[in-house]
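# Architecture and fold: a report
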Amino acid sequence: MSTKRMLFVDAQVFQTDAWERGIGKYSYNFLKSLVEQDVFFYDRICLIFNTKKELSSKRRESLESLYDFEMLFLDLLVPENLEVNDNRSFEITNQQILEQAVANRCDTKMSADFLQLALFTYEAYPAFPDTTNNILLWYDLIPYLFIERYGKSPLFESYLNGYRQIFKANIILTISKQAADDLEVHLGISRDKLVPIHGAPIDRKKPIGKKFINDKKYILMPSGDELRKNNSMAVRGFQEYCKRNNNEKYELIITSHFTSETQKELFNIEGPGKVTFAGNVSEGQLAGLYEQAECVLFVSEYEGLGLPVLEAVQFNKPCVCSSIGIFLEISPAAFYFVDEHDPRSIAAGINDAVTGKQWSRKLAEYKTISNKYSWSATAKRALNALHYLTPATRNNKEKKTIAVLCPSPTGYSAIGKVVMQLHPYLTEHFKVDYFVEEATSGFVAQSIRGNYLAKIANVYSATEFTVQHYKKYHAVIYHFGNSEFHAETIKSAMYLPGVAIVHDTHLSGLFSWVLREKGYVSADRIIAEDYLNQINASQKTSYLTSLANSQRAIITHSKYAENALSDIVDSTPIVRANLPVAAANYNVVKNKDSVKIGLAGILAPVKNIALLEKMASSKDFANCEFYMFGFSLLSNEEVLRLSQYKNIKLKTDLSDFEFQSMLSQLDILINYRTEYHGETSLTVLEALRYGVLPIVRNVGWYSELPKDVAEKVDHEKELFAVLKRLIKDKDELRGNAKKRIRYIERTHSYDQYAAALSHTINQLFIDKKLRSLQNEKIVAAIKRNASKDQIAELIARPLAIRVHESFGGTNNGRIRVKQVKRTNQRRFFGERNKE
């Protein structure tokens, strides 16, 4: 006999004002379409409500008309103060209540699924039970992506609290491919968990249009008082259209509720066209407005799906919309696409729509859209995914505990972002705590990304990491880089051996600037490190010898770095793993007329910004657009000089989403490093995931990139010759875009990287041949509470011997040995002597 299945649905969204908004209407229609399918396989469905919130009789009757639901009211906790920074304890209470409710209704022969309809209503503490297969219906990542706007809200921390449930979901049903892609690219969610099911226009009542419709022609703008709805630009575009067409008597009708301040702002946009606010209209009235509109105007900056566009299709109305991914995903040919940031482009789009330019061809696309974006098709996609959802199993195997010392995810160092996105994969292998570093120099870019890591894991300051912490963990991972975000990490790594992930093979800036300035290393230590640098014949590393030799294992991201570390390491095992990055799941539509060339990342002279200036000044590239964007370390004089170029767009202090958006629009990324320090470029990898072609200097890690995913050049003249060839043959330029995306997908995944880390750490416990005897002595001494002087002597001796032997045992060498040993005894512990 087959196992019975029961579906529990968190239906608290129907007890909120969202019932009248898109999220509520989508949830209702989604449930309705599920239970109407012939292949529906659930034996029972339980809708869960909150005793503290009202469910009106009208709404209850509406839900009861769909199916014979069990309606369960539980005494779940609800927010009393929306500005609480961490509501974890409330979620745990609700989770326990839900688990008890599930246990009361499911016997051992019944499999239980739990569907969360709306994670972010701010009127509930949503929680997934630990005893069910958890299903999340996902709309969009907009507040996280537009952090420079939404991050200022006192509700933003409450919003991030909900991210705990995202990572507890076994499967996530997304309302578009773009919504799935955003989760993979920006949160690192595994594609195996993501199922795009799309959506459909809301089922409307019979059209009623008398209240707002008169003899005037009008354009319908179904919008909302939202930061990214782009209302001001839409009204400007409408006014520009009216101005161009001799004040033709068109009216712009805007639906939804707007504050008086927003209405005043939009009314003050000068122009001949009349703007009318219809407010919140009934279903029938909205249907009537669609039915008699000349066209639909919807130029939002971002949407998870964009119901107004689908509703324009439903009523066979021309649609003027922004050129954003989701609308291009629905159809690249059916709508009048405009530049949502340019009123002139919006005006031209309105003109094309009301004059019917190519309308018959566009209308022919609507049938295909309607078939794909129907509620029946949406339900079938969801049920097909849920049918194969395996019963929840809990991994009771005790995992090793590890600590990770790294840059803060909110800083300009991209390493912090990689660490945050790696977290769900790393937790498949370990219990993980994080000790993070903030910037100390004042170079803090504003609102790069939200720090949800602090919501889903234990996160502490790296300054708090001590010997006592070290003893608690099976292993410690250190991220080594050459910026201010690594000072505390290096300080700990100097005397507490761990697994070092080496992002840069030269740490001169960190040692001579940050560590020396903080007093973490002495002048004697710098002298000793300088001697070790001189001893290193390959010169592929600096200030790494003592650090590398005092670690339990080393992870590198390239053959170059692996070989460079091999030159200076005696017995520490070295493992190579590809730096992880998520691949993009859908193709970005490029502008066919021009070639966009960019230089991106941390903008500094070492990135050879002069090259871009040469290109911008050359007649050979007159038809190209040039972009320079990222976190700026340029001087005011350099910024001023670059701003003089009319064909260079310089953008700094970008959020991570803005950076990714600009990167995805490029055709070519220039990453020609005049100096190379053993780094692997995350910017290049991120460009590849969008199909962008990087042109790189043929050195180090860059030379290891496959020929069919990157253009490698040895000098500037060759770079210019390659560029000229590519811009003449756009087919060649864009032809291998999918191959570049697949390369990232195949060789740079997070799960591969986490598995490599797990294997390395586990082997340290299994294979004695991989262990450095010296470092194991240090670890053992720390575990048995050896004195600081004893540990310092263990650390200092190999460093002293290496310097001594390299100078043939000369008197100068002996002096340095004493200095190094004394340095280690005095300075390796630094402030930690207080422990």
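Description of the structure in this document.

Calculation criteria
Residues numbered from 1 in each chain as written. Predicted model: local features only at pLDDT ≥ 70, side-chain atom pairs only at ≥ 80, totals over all residues. Heavy atoms only, no water. Helix = DSSP H or I, 4+ residues; strand = E, 2+ residues; numbered from the N terminus. Buried < 20%, exposed > 50% of the residue type's maximum accessible area, 1.4 Å probe, protein only. Contact = heavy atoms within 4.5 Å. Areas by Shrake-Rupley, 256 points an atom, 1.4 Å probe, with all protein chains shown as cover. Salt bridge = Lys/Arg side-chain N within 4 Å of Asp/Glu carboxyl O. Pairing = 2+ DSSP bridges. Axes fitted to C-alpha atoms, helices over the stretch in contact; angles between N-to-C directions. Polar contact = N/O pair within 3.5 Å; in protein donor to acceptor, adjacent residues only side chain to side chain. Phe/Tyr/Trp six-rings, centres within 6.5 Å; stacked < 30°, edge-to-face > 60°. Lys NZ or Arg CZ within 6 Å of the ring centre and 35° of its normal. Core = buried A, V, L, I, M, F, W, Y, C linked by side-chain atoms within 4.5 Å. Parallel < 35°, antiparallel > 145°, perpendicular 65-115°, else oblique. Left-handed = near helix turned anticlockwise from the far one by under 90°. Nonpolar A, V, L, I, M, F, W, Y, C, P; charged D, E, K, R; others polar.

### Observations concerning the overall build of the protein
Of regular secondary structure, the protein possesses 36 helices and 26 strands. Expressed as a percentage of the 835 residues in the protein, the buried residues total 58%. A sequence separation of at least 24 residues applies to 74% of the contacts in the protein between residues at least 6 apart. When the accessible surface of the protein is split by element, carbon and sulfur atoms take 47% of a total near 34900 Å².

### Some remarks on the environment of L227
Mapping L227 onto the fold places it in the loop between β8 (217–222) and α9 (231–244). For the pair L227 and F146, spaced 81 residues apart in sequence, the C-alpha separation works out to 9.0 Å. Discounting chain neighbours no more than four positions away, the residues touching L227 are R149, Y150 and E301.

### So, the pattern of salt bridges
With the rule as written, the count across this model stands at 34 salt bridges. For E686, the salt bridge goes to K417, with nearest N and O atoms at 2.5 Å. Here the residue E686 occupies a position in helix α28 (residues 682–689), and K417 occupies one in helix α17 (residues 414–426), the gap between them amounting to 269 residues. For the pair formed by E686 and K417, the shared burial category is buried.

### So, the sheet that holds strand β1 (residues 4–10)
The 7 strands are arranged β3-β2-β1-β4-β5-β6-β7 in an open sheet whose pairing can be described as parallel. Each edge of the open sheet carries a strand with a single partner, namely β3 (70–74) and β7 (194–196). On average, each strand axis in the sheet is tilted by 25 degrees relative to the strand beside it, whichever way the strands run. One ladder, built from 4 bridges, connects strand β5 (residues 133–138) with strand β6 (residues 171–174); its direction is parallel. If you follow W138 over to β6, its bridge partner there is T174. In the packing of helix α8 (residues 177–187) onto the sheet, contacts are made with β5, β6 and β7, and the angle to β7 comes to roughly 160 degrees.

### Section: the sheet that holds strand β23 (residues 648–652)
Within the open sheet, the 6 strands sit side by side as β23-β22-β21-β24-β25-β26. Their pairing is parallel. Two strands in the sheet have a free side with no partner beyond their single neighbour: β23 and β26 (711–713). Averaged over all pairs of adjacent strands, the angle between their axes in this sheet comes to 20 degrees, without regard to strand direction. In this structure, strand β21 (residues 595–603) lies alongside strand β24 (residues 668–671), joined through 2 bridges in parallel fashion.

### Digging into the environment of Y159
Within the element layout of this structure, Y159 appears in helix α6 (residues 156–161). Sequence separation between Y159 and T121 is 38 residues, and the spatial gap between their C-alpha atoms is 9.1 Å. Ignoring anything within four residues of it in the chain, the contact list for Y159 reads F120, Y122, L141, P143 and Y144. A polar side-chain atom of Y159 sits 2.7 Å from a polar atom in the side chain of Y163.

### Topic: the packing of aromatic side chains
Counting across every chain of the model gives 45 aromatic pairs. An angle of 25 degrees between the planes, with centres 5.2 Å apart, marks the rings of F511 and Y543 as stacked. One end of the pair, F511, is in helix α21 (residues 508–518); the other, Y543, is in the loop between α22 (523–535) and α23 (545–549), and 32 residues separate them in sequence. Exposure remark for F511: the relative accessible area of 0% places this residue in the buried category. For Y543, a relative accessible area of 9% gives the class buried. Counting every residue linked through ring pairs, the aromatic cluster contains F120, W138, Y144, F156, Y159, Y163, F167 and Y452. When the ring centre of F765 is taken as origin, the NZ or CZ atom of K400, which lies over that ring, is 5.1 Å away.

### Notes on the nonpolar core
Counting 100 residues, the largest nonpolar core has F14, F30, L47, L297 and F335 as its most contacted members. Residues in contact with L297, not counting those within four places in the same chain, are I219, L220, M221, P222, A234, L252, V320, I346 and I350. With 74 residues, the next largest nonpolar core counts M6, I48, C106 and V419 among its residues.

### Description of helix α11 (residues 283–292)
Burial analysis of α11 places 8 of its 10 residues in the buried class, which makes it a mostly covered element. Along α11, the residues that are buried comprise E283, G284, Q285, L286, A287, G288, L289 and Y290.

### Focus on the packing of helix α25 (residues 609–617) against helix α30 (residues 716–728)
Two elements in contact, α25 and α30, have axes separated by 12 Å at closest approach and are oriented at 45 degrees. The angle between the axes of α25 and α30 places the two elements in the oblique class. Considering the relative orientation of α25 and α30, their crossing is right-handed. Here L611, K614 and M615 of α25 lie close against α30, whose contacting residues are E716, L719, F720 and L723. Of the residues that constitute the contact of α25 with α30, the class distribution is 5 nonpolar, no polar and 2 charged.

### A look at unusual backbone geometry
The backbone of N230 sits at a positive phi, close to 65 degrees, despite the residue not being glycine. Counting through the fold element by element, N230 comes out in the loop between β8 and α9. The exposure class assigned to N230 is buried, which follows from its relative accessible area of 10%. Its identity is not glycine, yet D653 carries a phi of approximately 50 degrees, on the positive side. Counting through the fold element by element, D653 comes out in the loop between β23 and α27 (656–665).

### Structural notes on the packing of α17 against helix α33 (residues 750–766)
At a minimum axis separation of 9 Å, α17 and α33 run at an interaxial angle of 75 degrees. Relative to α33, the element α17 lies roughly perpendicular. Packed against α17, whose contacting residues are V418, Q421, L422, Y425 and L426, the element α33 presents Y750, D751, Y753, A754 and L757 at the interface. Its residues assigned to classes, the contact of α17 with α33 comprises 8 nonpolar, 1 polar and 1 charged.

### Points about the side chain of H557
With respect to the secondary-structure elements, H557 resides in the loop between β19 (553–556) and α24 (559–566). Residue H557 is classed as buried on the basis of its relative accessible area of 4%. Engagement of the side chain of H557 in a polar contact is seen with the side chain of Y753, the distance being 2.7 Å. Once you skip the residues sitting within four places of it in the chain, H557 turns out to touch I501, V502, H503, R576, A577, N578, L579, T680, W701 and Y753.

### So, the environment of R88
Within the fold, R88 resides in helix α3 (residues 88–105). Residues R88 and A127, spaced 39 residues apart in sequence, show a C-alpha to C-alpha distance of 9.8 Å. When residues no more than four places from it in sequence are discounted, the contact partners of R88 are R164, A454, K455 and A457.

### Let's talk about the pairing of β21
By the criterion of burial, β21 is predominantly enclosed, with 8 of the 9 residues buried. Sheet topology places β21 next to strand β22 (residues 624–632); 9 bridges connect them, and they run parallel. Of the residues in β22, the one forming a bridge with L603 is S632.

### Here we look at the pairing of β8
Most of β8 sits out of view: 5 of its 6 residues are buried. With 6 bridges connecting them, β8 and strand β9 (residues 250–255) associate as parallel partners. For Y218, the partnering residue across the bridge sits in β9 and is E251. Bridge count between β8 and strand β11 (residues 295–298): 2 bridges; the pairing is parallel. Looking at the pairing, L220 lines up with V296 of β11.

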